[in-house]
Structures are given as C-alpha cells and as structure tokens.
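For reference, the chains in residue letters:
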Amino acid sequence: MKNLRRYLYVIAGLLLISSCKPEIETFKHGSGSADFSKYIAVGNSLTAGYADGGLYLDGQQNSYPAIMAKQMIQAGGGSFTQPLFGSGQENGSGYLKLTGFNADGTPITTPVTTDLAITGVTPVLGFGNVTLYAKYNGNINNFGVPGLKLEQITYAPLGNLNGYYERLLPGAEGTHNTPYLSFVTAQPFTFFSNWLGNNDALLYATSGGAGDVLTDKAVFQQLYGVMINAMTANGQKGVVGTIPDVTAIPYFNTITVGAILAGVQKANPQVQAIYINALGSDGVTYAPRAATAKDLIILTFPTSMIGTPVSTPYGTLPYGLTPYTPIDNQYVLDEAEVAMTEDYVSSYNTTITAVAAQKGLAVFDAFTFLNNVKAKGLLIDGVSLNANYISGGIFSLDGIHLTPRGYAIVANEFIKAIDAKYGSSIPLANISDYRSVKFP
Amino acid sequence: MRKILLLALAIAPVLSFAQGFQVNLEGQKQIGMGHTGVGQAQDGAAVFFNPGAVAMLPQNYVQAGISPLFYKSDFNPSGTNVQDYNANKVATPFEGYAVWGPKDARWKVSLGVYTPFGGLTDWGNSWAGKYSLESLDLKAIYVQPTLSVRITNFLSIGAGFVYNHGSVDLTQALPLSNSAGQDGQAELKGSGHGLGWNAGIYLKASDKLTIGFVHRSQVTTTINNGDAIFTVPASLQSSFPQPNTFNATIPLPATNAIGFGFYPNKQWTIAFDANLVGWNVYKNLAFDYKTNTPELQDTNEPRNYKNAVALRAGAQYKCKDNLALRFGGGYATTAVNDGYVTPEAPDANRVYFTLGAGYAICKHLDADLSFEYEHLMARTQTNTYSNLSGTFETNVYIPGISLAYHW
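Residues numbered from 1 in each chain as written. Chains lettered and ligands numbered in written order. Predicted model: local features only at pLDDT ≥ 70, side-chain atom pairs only at ≥ 80, totals over all residues.

1. So, the overall build of chain B
Argument step 1. Within chain B one finds three helices and 21 strands.
Argument step 2. Relative to its length of 407 residues, chain B is compact, with a C-alpha radius of gyration of 23 Å against a globular reference of 22 Å.
Argument step 3. Oriented by its inertia axes, the alpha-carbon framework of chain B measures out at about 85 × 40 × 35 Å. (Helix = DSSP H or I, 4+ residues; strand = E, 2+ residues; numbered from the N terminus. Rg over C-alpha atoms; globule rule 2.2 N^0.38 Å.)

Following this line, the structure appears as structure tokens:
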C-alpha cells in the first residue's frame, strides 16, 4: 500500500511536469474603431473563390473573404455565410485539374465534369448563351460574382445574363431586374470589403484585346463613387482593393514569344521571328509585325498551331511564322494593348484610392503587392512563393485566380490594411494551413 | 513545342539539426549541484567532468544514470494568438562510467559512455513552421576510454579519447500538395561517427580548495550515406529520385572549462564552474545529396553560431553520513545569433535550477536523485532563411536517477 502511494506520487509528479507548458503572452485582439459583427464581401470571381478555371466548393471554402471572416471572429466578427455549392454539386461550374506532365515538363490539365451544379444553358437574344447553376437561397455574406464588372453594378437585367449572379437571386431566369448594388445593400451590414473593377480591364486583356472592351475611365470613376456611397450610406467602414497589373499574372507570363521562337528554331534554325497581329499606333487598326518580348501570349494559346500550314493568297504558309499568317489577335496582348490596359488600370486605381481616401476606407494595394511578388517573390514560413505558373504556389491552374494559399496571402494583406486603418488587431491566417496547386 | 513550363520549383529541403543543443546531464550528483564538477572529484562522472580528477578518486566506481528530459516548447506565430506546442516526447540522456585502478596506485583507467548533445522535438505536421521542421530526433553517444595519473599528492592529469556515434532522424513538410491536398515530406535519416578527446588537470590546492581545468575537444561528426526519403506526389517523384542518400558534417563544439570546489567544513561542499563552448565553429550546415536534380540541389545554409558561456554554481550539504542534499543553478548564453533561431531546439539564453539528493544504501552502493528545471527565455525572431516569424519559449524538466557501486 505504501509502495502504491509512492508510485502514485511519481505518476502525479510526471503528469504535473507534462502539463507545465510555457505560455507566451499573445497580442490582444480587438476591432479598433471598426465593427466586424456583420461583414460582407463584394467583388468578382476572386472574391467568390474562383480557382482553376471554375467556381467549385473547395475554392469557395478557401475564398479570401471566408479566410478573413474566420480570422475576424477573434476581433468581434460574426458568422459568415457563403453561397456554397451543395453536396453532389460540389464541383460547381467544373474546373481544371492537373493530371500529369508531358515528357517536356509541360503540365496536362483535364476538366472535371462530374458533380457539377449546372442546371441548364439558356440562349439570351442579343447576348448569347447563359449557363445556369443550382439556385442558392439563404443568407449571403460573400457576394462575389464571377465575371462581374464594376460597369454592371447598376444594370438591372444583369441577373439574366450572369449565371453566377442568377443563382443568388430569387425568381426565374429571364425575370430578374435587381441590380447588383441594390442586391448587396438590401440587408444591413457593419463592414465590407470591395475588390471590384478587375474585370473592367482583365476581360479585355485575357481576350487578347479582341473579345471585350475596357470600361471607360469616366464611367469607372462615376460608378465607383456610386458604389462606395451606397456601401457607406449608414457609416459603414470597409476595405477596398486596387486592381492588379494584369501583366503580373502567369496567364500572360508563362508562354513567352522568346520561348516559342526558341522552340521553333530548334527544328528550323533559319526562322527569325514570330509574327502577330498587333495594334497600331493609332490605337484602332491592327497590322502584322514581328513579335517582341513586350508582346504577351496568353496561357491558353495552343502552341501546337505554330507552323501548321495555312492557305493564303500568297500560297500555303506556316502559322505564326510569316507576316501573312500572324498569330491571331485573341491569343496576344500586344505591346500597345498592354500599354492601353496599364493606362486604364492606373486610372481605375487612382479612382479607387481617391474614393477610399475621401471616405476614410482602408486600401489593400493589390497592384503594388502583386508587382512586388512578381519582381521579388515571397518567402513565408519556409515556403518560397512567386508569380510563376504552377510552381509559384500562388496562382491556380487558370493562371489568373489564386490557390487557397494565394487567397490566404491576400486575406492577410487585407487584414493588415484593415488593422492599419482602424487600429484593429485581427490575427493573421496561417499560410501553411492552405495548399497550393494539387499535384497528381 | 511547348517546352516552356519548366517546373522550376523553388524547393530545396534545407534541413538543419545541430542547434545550440548541448545536453548537460552527465551525472546525478553533479546535476544536483548545478551541473558543476570540473573542480571536484565526486565519483566516476569525473571521467566526463575532468579526466584529471579521476586519479584522485579514493575508490573504484561502476555507475549508471538516466535523466528523462521533458522538453516543452511553445511557438506563437507573429500577429496571431496561436500557440503551437511540441508534442510530449521524452528524451533519455544517460551516462555510465567505470573507473578502476589498483589500491594506492598513482593511476586509474576508466571508461565513460554519455550523451552530451541531442534533441528530441516533434512539432507535428500542422503547425506554422512545418516547412522548417516537423520532428527531430538527434542523438550523440560519446564513448571515452581514459587514463589518469596522479603526479603528486596535489596534482593529477588525465586524458581520454572520444568516439562519437551520432544519429539523426529529421522530418520536414514539403509544400507540394498531392491530389488529396496533403503536403509532401522530406525525411533525413542516418548515422555517423566522429572522433575527439577530453583532457583535464586537477589541483588539490588545500584541504579546503580544489581546482580543475578541462578541454573537451570538438567532435566533427560526419554522416555518410544517410537515407534521404522524399514523399512527394507521383508526378513529381522524378524530381526527387528514390532511393537517395545524403552526406552531412556537423561540428559538435569544444568546451573549455574551469571549476572550483570549496570545502568550508565537513558538511558543506560548494562548487563553481565556468564553461566556454566553442559554437562559433558552426558556420554553416551543408547537405550533399548523392543524386541531384534541378529541384533537388545540395544546400548550404548559414548558421553563424557564436561561442556560448555557461556559469554554474552548486552546493552539497551532508546532513547525515548516508544522506546528502544538493542544490544549484546557473545561466547559459545562447549560441544562436538573432535571425538564426530554428525550431529544432529554439535556443535562447537560459536559466536553470537544480535539486538533488544522495543516499548511501549500503557501504558500497549510492543512489542519487536529481531534478533540473530549465527555462529558455522567450525569443521573438524572424528567421533569415525561412522568414518563420514568431516567439519561441521553452521549459525543460529533467528528473534523474543513478546508482553508483564503489569499492
């Protein structure tokens, strides 16, 4: 008995030891002068959590507003509900999956086509086909709508043209007449983030300057003012993001003119140049010319087209290798188009920062941040990250949208901007908890 | 045509394992007195503490002890209230000594086996620093045959040859997600050996004062053909070829020490030690992989350690002929410069306190108990190599027990 008691003492002593952990004084959380109790996120695909060329559950769950909201809980944040795709439809619109590498190291992506949330495709007269998705009806804190431009926020029929917006609205396709801005401000909120405006430049750029137009600068300025006035109508505080330099994303930096030319020259050393159809100095007309490193080829350009025979009035000529058979406009954001896009983005950002300053809002300067990432990369908790396609860790397989790790980094940048402006202290997200591209 | 997307992953598993992690647990009597012993001839542990003192031991010894070590580290990533703790794992530093010489001879031969360096940490695979380290199990076992000679009645010298068997098993997450979204992992596992020596001078200045000087040499330990195991998604396996091996060399630093023993009366012994540990030899840590690929390059990470100082003091009170009570403590400066602290054993200046008790079970057999509490000061750091940023704080609890047979 005496021995038993002795053993118990020893065991108790050991347990005591194993519970004597050090405790580090951590910083105190607080909301500062902001109120995060009802936070809403306004924006486009980046806000929705779009990734790998589609909107799907995993991306939604790792959207930067969702990550921010999770961190805000410790600084007085409330519940945050997203219009998630339900079970059996978790692959949403479908997305790209990395399924392997070719012998030359280039990636093979395959579309995911099972468990989609697509309910139909409706042709809309004078617009085209609109893909419809399973409806969501419930609370919404994340109003991110893929494809949304600032230009469209007061456009009443938008719900009939954008399937991602349509799924959030009550009522049937074809009958919608709620402008986006009215929809997001219908319910009260205390704090907002707004990262709209990217698509006003990006959709022009990603179509090689051929499939879309840049939103007029004055229109952008007017609508941004309207938007922020509405968002701050009841004195709400918030954070806005500037528009990244479109040339900082891997969609435009992965397939380069130099690399294509080098590939061709391996087989045909006499080839001197790649030809593109480029915007002239008048800013209107296009004419063929030899491509330079300042012309950006889009990620989805099928490089196998290069050199394939094309019949022309001058005979059959190889695609992309003569002035008579230039690479089509939609595959190239040429130097003049780049300059034009950058000029517009710069103007949009001037508007965003000016309006934010006027309203006392926090600003996440995504333009500067992303350019720094492109120039210098990032090193976070032992992980090297940069703006490269796949290997960089930040951008998803579409080369435009982010990986969960990329979105977590963005969430932290938004949080830092909020804390700096409102004196709040929201804990930062752990970047290591979020993945980059998935490899097979 | 599309040879454009070279998968230049910026991933080089830079692993580092010899932190400022010296295990000062080489004898229960000495631990009880603040791990002093350079200037005393207490028992067989003198083989480690001062080979010179061995020849002054009045008896022959066979003894062994163990000091289970509970290492409690906490990491608080900057800007968060997260507390990442390392898992409860118990390291087992041990020591054993055998000392023999003919009665009244001027010499003694001895053998020591002890563990002066080591580390056992397991941070798990979900903490903020997982890409720096998941777990580490590092052991160094020194074997030291020794010869000691009493030159005069007040001066003796001794020297031992040191053979080190070192082993390491280290894991680190790799930021390469598989299709299930799980990280890859690098594991470096191997063993090697190194050689060195330990020599000391012991001076019996008077009945009331003894003095010791000792030099424990650097033991450069080389691991050849350790296993380099990379668990990565199948499509990336060719970048991390398997099987693969690595070589690495770690200099385990030299210690210069001076110690004093004071004997004011029959009951009391008071001791002071000062150690200078030559960590500045640890400039960098290089890993040489047998098979390199563009993604898996050899690495050479700067360490830039600085020399560390430890000051120790302790006392023993003999309350009865067969019972001694001991206490002590000390302060040790860190070997790791700002910006180089890593999670292997997040080093900082440390303060420690010890307690001990010795009981003579019978004429020839002693049992000794010791307890040590060590506190590594909170240290807020951004590592220059990984940018891992946050505050480390560590408590160490070390109970210990030994038995010594002497005749």
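2. Observations regarding the interface of chain B and chain A
Argument step 1. Chain B puts 46 residues into the contact, and the matching count from chain A is 45 residues.
Argument step 2. For the side of chain B that touches chain A, the secondary-structure elements that each account for two or more residues are strand S2 (69-77) and strand S21 (389-406) of chain B.
Argument step 3. For the side of chain B that touches chain A, the per-class residue count stands at 22 nonpolar, 18 polar and six charged. (Contact = placed C-beta atoms within 7 Å. Nonpolar A, V, L, I, M, F, W, Y, C, P; charged D, E, K, R; others polar.)

3. Concerning the packing of helix H8 (residues 217-231) of chain A against helix H11 (residues 335-359) of chain A
When two helices pack together, their arrangement is given by the angle between their axes and by how far apart the axes lie.
Residue and element names in this part refer to chain A.
Argument step 1. H11 packs onto H8 with a crossing angle of 25° between their chain directions and a minimal axis gap of 10 Å. By the angle between their directions, the pair H8 and H11 is classed as roughly parallel. The chirality of how H8 crosses H11 is right-handed. Across from Lys 217, Phe 220, Gln 221, Tyr 224, Gly 225 and Ile 228 in H8, the residues of H11 making contact are Tyr 344, Ser 347, Tyr 348, Thr 351, Ile 352, Val 355 and Lys 359.
Argument step 2. When its residues are assigned to classes, the contact of H8 with H11 shows seven nonpolar, four polar and two charged. (Axes fitted to C-alpha atoms, helices over the stretch in contact; angles between N-to-C directions. Parallel < 35°, antiparallel > 145°, perpendicular 65-115°, else oblique. Left-handed = near helix turned anticlockwise from the far one by under 90°.)

4. Some words on the pairing of strand S1 (residues 61-66) of chain B
All names here are of chain B.
Argument step 1. Residues Tyr 61, Gln 63 and Gly 65 point to one face of S1 and are all buried, whereas Val 62, Ala 64 and Ile 66, pointing to the other face, are not buried.
Argument step 2. Where S1 and strand S5 (residues 94-100) come together, six bridges link them in antiparallel fashion. Each residue of the ladder has a partner; that of Gly 65, found in S5, is Glu 95.
Argument step 3. Here S1 pairs with S21 via six bridges, running antiparallel. Paired with Gln 63 across the bridge in S21 is Ala 404. (Buried ≥ 20, exposed ≤ 12 C-beta atoms within 10 Å, placed from the backbone. Pairing = 2+ DSSP bridges.)

5. Some points on helix H13 (residues 404-422) of chain A
Residue and element names in this part refer to chain A.
Argument step 1. The end-to-end C-alpha distance of H13, which contains 19 residues, comes to 26 Å, matching closely the 27 Å that a straight helix rising 1.5 Å per residue would cover.
Argument step 2. Of all the 19 residues making up H13, 15 are buried; the element is thus mostly covered by neighbouring parts of the structure.
Argument step 3. In the segment just after H13, Gly 423 is the residue with positive phi, at about 70°. (Expected span 1.5 Å × (residues − 1).)

6. Things to note about the nonpolar core
Side chains that are nonpolar tend, in soluble globular proteins, to be buried together.
Argument step 1. Grouped together as the largest cluster of nonpolar side chains are 209 residues, with contacts concentrated most on Tyr 39, Ala 201, Ala 411, Phe 414 and Ile 418 of chain A.
Argument step 2. For this core, the element with the highest residue contribution is H13 of chain A, accounting for 10 residues. (Core = buried A, V, L, I, M, F, W, Y, C linked by C-beta atoms within 7 Å.)

7. Brief notes about the pairing of strand S8 (residues 275-279) of chain A
Residues and elements named next belong to chain A.
Argument step 1. Summarising burial for S8: four of the five residues are buried, a large majority.
Argument step 2. As paired elements, S8 and strand S9 (residues 286-290) share five bridges and run antiparallel to each other. Across the sheet, Asn 277 pairs through a bridge with Pro 288, a residue of S9.

8. Comments concerning the packing of helix H4 (residues 64-72) of chain A against H13 of chain A
Residues and elements named next belong to chain A.
Argument step 1. Interhelical geometry of H4 versus H13 gives an angle of 55° and a closest axis separation of 8 Å. Judged by the angle between their axes, H4 and H13 are oblique. Classified by chirality, the crossing of H13 by H4 is right-handed. Along its contact with H4, which presents Tyr 64, Ile 67, Met 68 and Gln 71, the element H13 presents Tyr 407, Ala 408, Val 410, Ala 411, Phe 414 and Ile 415.
Argument step 2. Classifying every residue of the contact of H4 with H13 by side-chain character gives nine nonpolar, one polar and no charged.

9. Side note on the environment of Gly 158 of chain B
All names here are of chain B.
Argument step 1. Structurally, Gly 158 can be placed in strand S8 (residues 155-174).
Argument step 2. Along the backbone, Gly 158 and Ser 386 are 228 residues apart, and their C-alpha atoms lie at a distance of 45 Å.
Argument step 3. Not counting residues up to four positions away in its chain, the partners in contact with Gly 158 are Pro 51, Gly 52, Val 54, Ala 55, Thr 146, Leu 147, Ser 148, Val 149, Ala 199 and Gly 200.

10. Some points on the sheet that holds strand S6 (residues 191-195) of chain A
Residue and element names in this part refer to chain A.
Argument step 1. The four strands lie next to each other as S1-S6-S7-S14, forming an open sheet whose pairing is parallel. Each of the sheet's edge strands pairs with one partner strand only, and the pair in question is strand S1 (39-43) and strand S14 (362-364). On average, each strand axis in the sheet is tilted by 15° relative to the strand beside it, whichever way the strands run.

11. Here we look at the environment of Asn 141 of chain A
Residues and elements named next belong to chain A.
Argument step 1. When you line up the elements, Asn 141 lands in the loop between strand S5 (128-133) and helix H5 (163-166).
Argument step 2. Distance from Asn 141 to Ala 66, taken between C-alpha atoms, is 9.1 Å for residues 75 residues apart in sequence.
Argument step 3. The residues contacting Asn 141, other than those within four sequence positions of it, are Tyr 39, Ile 40, Ala 41, Ala 69, Phe 80, Thr 81 and Gln 82.

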